[in-house]
Amino acid sequence: MSTDDLIVITCASGRQNSFLIPRLISHPNTSLRLIVNSEKSHAKLSSQYPSAEVIRADLIEPSSARALVHNATVFYHVGPPFHPHEAEIGYNAIDAAVFESKRPGNRFRHFIYSSVLNTQLRKLMNHDCKRYVEEYLIESGLNYTILQPTHFMDNLPYALMRDKGIFPAPYDPDIEFSFLALRDLSEVAAKVIQEGERHYLAQYPLCSTSPMSYTERVRIFDRMSGKETKIVKQSYEEAVQGFAGRMMGEKKEQRMLDGIQRLLLYYDNHGLKGSPRVCEWLLGRKPTSLEEWYQEQMDKDGK
């Protein structure tokens, strides 16, 4: 990064950005503009990061998107998951960056899109909409980087396994997935932001692990903790309601539920798999293993 950078981050109160922002906030000569949707998120981030500019906005409005990019040098876009207008919000973010890049005296250099692994999977609505956003970005003329993270390792219900000895499986626990530690994603994202030009026009599929099943994940926990965890396969209806509750809280809209319902059916048969080699190359080290992630949680328990 050069001096006096202004980085715009959308969905700033989301989980993946909670790992990224601390990596950037103390970087010299760098300012952050954090975009949130709710008043609760605005208050939280304003208190947590007083040196950052925190703005509440709705990116479905093109005029709002343009204002958010004014004077920015980097746009790091995370779309709202399962939002019925996620693709349109992505288009608006890209259009705003294009508009800014053509403004006389602009400093805009880099659009980074946090997408998802294997956007080719059209049966998954949340993957398919990101495929359209990727295409729109590639054709925009902007310098871009597309990050394609897989299933997040950090979504494992560690506390429930530790305290209750139960793992509620929302899909077949023997189907394999590749997992990504959020700390690995944030380290890669920060590197791409800071190194800029080296990553222009790149697409990076990101996994920390090779494919493994949830059953294997649970058994590794049991070996490390000395506990015996019971895997309880949820009904489809339970899985949908649990997933939707975590994603949407009380406001469950059918247009958002559609994507969740399709995802659970797909995961129950196919999982989501990729290679950790690209992540290893970007990190310059072995990505976080499941054993390392568990040990980190156990070390926190010991404090």
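Here, every reference points to the structure presented above.
Scope of this entry: the structure provided in the associated data block. Note that the structure is predicted; figures quoted are calculated from it, not measured.

With respect to the packing of aromatic side chains
At step 1: According to the stated counting rule, one finds 16 aromatic pairs in the structure shown.
At step 2: Their ring planes at 35° and their centres at 6.2 Å tell us that Phe177 and Phe179 sit as a pair that is tilted. We note that Phe177, like Phe179, is buried.
At step 3: Ring geometry for Phe177 and Tyr267: centres 5.0 Å apart, planes at 85°, overall edge-to-face. Of the two residues, Phe177 sits in strand β9 (residues 176-177) while Tyr267 sits in helix α10 (residues 254-269), which places them 90 residues apart along the sequence.
At step 4: Taken together, the ring pairs in this structure connect Phe167, Tyr171, Phe177, Phe179, Tyr214 and Tyr267 into an aromatic cluster.
At step 5: Lying across the ring of Phe99, Arg66 places its NZ or CZ 3.8 Å from the centre.
At step 6: Above the plane of the ring of Tyr132 lies Arg131, whose end atom (NZ or CZ) is 4.6 Å from the centre.

What to know about the pairing of strand β8 (residues 166-169)
At step 1: Of the two faces of β8, the one lined by Phe167 and Ala169 is fully buried and the one lined by Ile166 and Pro168 carries no buried residue.
At step 2: Inspection of the sheet shows β8 paired to strand β13 (residues 230-233) by four bridges, in the parallel sense. Looking at the pairing, Pro168 lines up with Val232 of β13.

Points about the side chain of Thr30
At step 1: When you line up the elements, Thr30 lands in strand β2 (residues 30-36).
At step 2: In terms of polar contacts, Thr30 uses its side chain to reach the side chain of His27, at 3.3 Å.

A few points about a nonpolar patch on the surface
At step 1: Nonpolar side chains collect at one region of the surface, where Leu160, Ile166 and Val232 lie side by side and expose about 190 Å² of accessible area between them.
At step 2: In this fold, Leu160 is placed in helix α6 (residues 158-164).

Rules used throughout
- Residues numbered from 1 in each chain as written.
- Predicted model: local features only at pLDDT ≥ 70, side-chain atom pairs only at ≥ 80, totals over all residues.
- Heavy atoms only, no water.
- Phe/Tyr/Trp six-rings, centres within 6.5 Å; stacked < 30°, edge-to-face > 60°.
- Buried < 20%, exposed > 50% of the residue type's maximum accessible area, 1.4 Å probe, protein only.
- Helix = DSSP H or I, 4+ residues; strand = E, 2+ residues; numbered from the N terminus.
- Lys NZ or Arg CZ within 6 Å of the ring centre and 35° of its normal.
- Pairing = 2+ DSSP bridges.
- Polar contact = N/O pair within 3.5 Å; in protein donor to acceptor, adjacent residues only side chain to side chain.
- Patch = residues over 30% accessible without salt bridge, like charges linked within 9 Å, V, L, I, M, F, W, Y side chains within 5 Å.
- Areas by Shrake-Rupley, 256 points an atom, 1.4 Å probe, with all protein chains shown as cover.
- Salt bridge = Lys/Arg side-chain N within 4 Å of Asp/Glu carboxyl O.

Purely geometric numbers; function is a separate question.
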